[in-house]
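# Commentary on secondary and tertiary structure
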Amino acid sequence: MNQRLWRSAIAMVATDLMLSPLLLCAALWVRCREATILREGKPLTADEIALARAVGVSVVDRVRLFPADAVPMPLPRWLRRAAELHGWLSPHIAGMTHGYGIVLRNDCYGDRRLLAHELAHVAQYERLGRFSGFLRQYLRECVWPGYPHGLLEIEARHAEAMAAGTLTQGRENVIPYAADKTNDPRSHD
Ligand SMILES: [Zn+2]
């Protein structure tokens, strides 16, 4: 195993140990947020449903959009700031996906690229296993290689490019990240 793979493997184990309690808290928070958004959010329009299908979402009629003044984070201000300084979080979060619930900042609502990005995360939740599968991998990648360089974010940015019409190769060249789960959307946690 070369040095880069060793570093990646060690970082993954250390990150998992560090993130275990965080993962549980994050999963609970995400489940609560999703329940609220599914209850109060807006269903996708026909055009948005077509976009969701194009980026790989299977159960498109479950998706709900929730406009908000700011994207809520379950972190104290100082911890969020520290995470931003370490590159684990973006200071410009315009949207966030909680299972089938998507929060979009009001001033970005209607942004097709942003929606494609968040819908790609919905597809990842379906593919990796809702909550623990997706969240574990996403948190790992925020630490190593750091936001937004993880494979899940790269895939979501490909979806953005596809929505903007700047991805010349098309979706068939986007490599879905599957981790240790199958691509069967029924394999939810
Ligand atoms: Zn993202």
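Residues numbered from 1 in each chain as written. Predicted model: local features only at pLDDT ≥ 70, side-chain atom pairs only at ≥ 80, totals over all residues.

### Focus on the overall build of the protein
- The secondary structure content of the protein amounts to six helices and four strands.
- Along the protein, from the amino end to the carboxyl end, the secondary structure elements read α-β-α-β-α-β-β-α-α-α.
- Within the protein, buried positions represent 32% of all 189 residues.
- Put simply, of all contacts in the protein between residues at least 6 apart along the chain, 71% involve residues at least 24 apart. (Helix = DSSP H or I, 4+ residues; strand = E, 2+ residues; numbered from the N terminus. Buried ≥ 20, exposed ≤ 12 C-beta atoms within 10 Å, placed from the backbone. Contact = placed C-beta atoms within 7 Å.)

### A look at the confidence of the model for the protein
- With 78% of its residues at a pLDDT of 70 or more, the protein has an overall mean of 81.
- Mean pLDDT across the elements of the protein ranges from a minimum in helix H3 (residues 77–85), with 74, to a maximum in strand S1 (residues 42–43), with 98. (pLDDT = per-residue confidence, 0-100.)

### Section: the nonpolar core
- Residues Val 55, Ala 116, Leu 119, Val 122 and Ala 159 are the most contacted members of the largest nonpolar core, which totals 32 residues.
- Within the residue set of this core, elements represented by two or more residues are helix H1 (3–40), helix H2 (46–54), strand S2 (64–68), strand S4 (101–105), helix H4 (112–128), helix H5 (132–146) and helix H6 (151–164).
- Of all the elements, H4 adds the most residues to this core, at eight residues. (Core = buried A, V, L, I, M, F, W, Y, C linked by C-beta atoms within 7 Å.)

### What to know about the environment of His 92
- Tracing the backbone through its elements, the reader meets His 92 in the loop between H3 and strand S3 (95–98).
- On the neighbour-count criterion, His 92 (9 C-beta atoms within 10 Å) is exposed.

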